[in-house]
Amino acid sequence: MSTPARPADYFRLRAEWLRYKNHVMDSNTGLPTLVAVLDDVRRLMEERGTLALLYIDLGSEGHVEPVHGWQAYDELLRAFARTLVSLRESGRLGPRDIIAVMSVRSDKFLVFLRGGDGSVLDPASLDLRAARVRELILQALPSHLPPGAERPSFDMGHALMYRDPMLRAERSIHRALDEAMYMTLGERTRDEDRRGQGLDEIIQKGQVRTLYQPILDLRTERVVGHEIFTRGPAGSPFEEAERLFAVAERTGRLAELERLSRARALESARRHLGPGTKLFLNTSARVLADPEVAGAGFVRRVEESGLRHDEVVLEITERVPREEREPYEAALRELKRQGFGIAIDDMGAGYSSLQALVTIEPDYLKFDIALVRGIDRSSIKRSLLETVVDLSGRIGAKVVAEGIEAEAELTTLRDMGVPLGQGLFLAAPAAVVTSAPVGP
């Protein structure tokens, strides 16, 4: 007669099972990890003789998560997983094809293709099949993305796995994975070269668009300033600012692009700004040492545009390592001494040093769009904003709430005493036509 399991044993076993499950299943996408499907892949390879592996990397550009936050990126990964599963369920992938992620919380997806009955998997046919799967993903993905989300780019490599009695199946799988990853790296390098050349042309020809978005006093709805946004040519891969500046940073062209952005913004500022309004210029901390971005050249351009120093605010996103902060903080202190305003962007979503706030003494703290979204329904977001509002009062700064997109959000922010705000609910960014191309 067996001894009944004690409650303590049950909870211990359950805890062990949950711990194991968390290592083999990705809770974000609902997909198994490579470790979890190795046996299934091995059996399928033994049955078919040959399998194909598709390796899909969504992290190739790397700008989505740092700009929009991990929650938005997780949502994008879930949409991509749903796309792959829908292709299998609709018959556009085989019913026994295996879909997985590399590891828990990974942004790298794996698809193991068994091939159709009677079909032969060889390098030529796999090239065609991989191209077809990419096409199917691009067609199906938009219907699974959240509203307003940008369709992500991805790199894809592929390789064949052969049954070989002299080789352990698991090592054959990992060798195929290495081959597919290497192909992806080559594709990424070629794409980056093409993007760099395209960006060179944009900079040389001055093909950027300048948009102004009003910043309003939330009590009176009076315009107190405009934030400048720079976009690439409409309909091009660089139309979105995040991709434009991410490619510029990766390819060493960030300073050149920011010089051009400054010139365009300042060229049109005096015509666009009303009396008593300020110009908010986004500036990367890493290029503050460039005199044309935030040094003597920048000051000269401001004065040539007819703007006073106190009408210009440099808006900084602080995402630099601690050891790199001293030079850029010194540059900001010097600009502040000359009368320029300083705004810290993305408060609550990445600013890591309160000491830096004390050192720089910013004039504005911009509360991140991800935290404004749905703030009327989130006590946690309201508590965080209350902390920022309290901090701003202590250091003599004003809070600007970014990304207001609903009346309920606006009402909540007003009730909390947030003085300034911007967002599509208040006014969308508007394009500005300049007279002629301006060189960087």
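Criteria and thresholds
Within each chain, residues carry numbers counting from 1 in the order of the written sequence. Only residues with pLDDT of at least 70 get local features here, since the model is predicted, and only at 80 or more are side-chain atom pairs given and counted; chain-wide, interface and lining totals rely on the full set of residues. To obtain the side-chain values, all non-hydrogen atoms of the structure were included, while hydrogens and water were left out. Think of each axis as a best-fit line through the C-alpha atoms, taken over the contacting stretch in the case of a helix, with angles from 0 to 180 degrees between the N-to-C directions. A run of DSSP states H or I qualifies as a helix once it reaches four residues; a run of E qualifies as a strand once it reaches two. Both are numbered from the N-terminal end. For classification, angles of less than 35 degrees are called roughly parallel, those exceeding 145 degrees roughly antiparallel, those between 65 and 115 degrees roughly perpendicular, and all remaining angles oblique. Should the near helix be turned anticlockwise from the far one by less than a right angle, the crossing is left-handed, and should it be turned clockwise, the crossing is right-handed. Any two residues having at least one pair of non-hydrogen atoms within 4.5 Å are treated as being in contact. Note that Gly is not counted as nonpolar here; it falls among the polar residues with everything else outside the nonpolar set of Ala, Val, Leu, Ile, Met, Phe, Trp, Tyr, Cys and Pro and the charged set of Asp, Glu, Lys and Arg. Identification of polar contacts relies on pairs of N or O atoms within 3.5 Å, with a donor-acceptor requirement for protein atoms, meaning one able to donate a hydrogen and the other able to accept it, and with residues adjacent in sequence counted only if both atoms are side-chain atoms. Note on definitions: salt bridges are taken to be side-chain nitrogens of Lys or Arg within 4 Å of carboxyl oxygens of Asp or Glu. The rule is simple: take the accessible area with a 1.4 Å probe, protein chains only, and divide by the maximum for that residue type; under 20% is buried, over 50% is exposed, in between is partly exposed. Aromatic rings from Phe, Tyr and Trp, taking only the six-membered ring of Trp, are treated as a pair when their centres fall within 6.5 Å; an angle between ring planes under 30 degrees marks them as stacked, one over 60 as edge-to-face, and anything in between as tilted.

Caption draft 1: Highlighting the packing of helix α8 (residues 254-272) against helix α10 (residues 296-304). Between α8 and α10, the least distance of the axes is 9 Å, while the angle of their chain directions is 20°. Taken together, the axis directions place α8 and α10 in an arrangement best described as roughly parallel. The handedness of the crossing between α8 and α10 is right-handed. Where α8 approaches α10, its residues Arg262, Ala263 and Leu266 are matched on the opposing element by Phe298, Arg301 and Val302. Residue composition of the contact of α8 with α10, by class: four nonpolar, no polar and two charged.

Caption draft 2: Inspection of the side chain of Thr83 at higher detail. Take Thr83: it is sitting in helix α4 (residues 70-89). A polar contact is formed between the side chain of Thr83 and the backbone oxygen of Ala79, at a distance of 2.9 Å. If sequence neighbours within four positions are ignored, Thr83 has contacts with Ile137, Ala140, Leu141 and His144.

Caption draft 3: Structural detail: the pattern of salt bridges. According to the stated counting rule, one finds 30 salt bridges in the structure shown. The partner of Arg262 in a salt bridge is Glu258, with the nearest N and O atoms 3.2 Å apart. One end of the pair is Arg262 and the other is Glu258, both in helix α8 and four residues apart, which spans about a single turn. On the basis of relative accessibility, which here comes to 2%, the residue Glu258 falls in the buried class. When the shortest N-O distance is used, the salt bridge between Arg308 and Glu311 registers 3.7 Å. The network of salt bridges with common partners includes Asp39, Arg42, Glu46 and Glu170.

Caption draft 4: Fine view of the packing of aromatic side chains. Going through the model one piece at a time under the given rule, you end up with four aromatic pairs. Consider the rings of Phe80 and Phe154, whose centres lie 5.5 Å apart with planes at 70°: the pair is edge-to-face. In this pair, Phe80 sits in helix α4 while Phe154 sits in the loop between α5 (123-140) and β6 (155-162), placing the two residues 74 residues apart along the sequence. The pair Phe80 / Phe154 is uniform in exposure class, with both members buried. Pairing Phe298 with Phe340 gives two aromatic rings, centres 5.4 Å apart and planes at 40°, and the pair type is tilted. Separated by 42 residues along the polypeptide, Phe298 in helix α10 and Phe340 in the loop between α11 (325-337) and β11 (341-347) bring together distant segments of the chain. Aromatic ring contacts, followed pair by pair, group Phe80, Phe109 and Phe154 into a single cluster.

Everything listed here is a matter of coordinates, which is why it stays silent on function.
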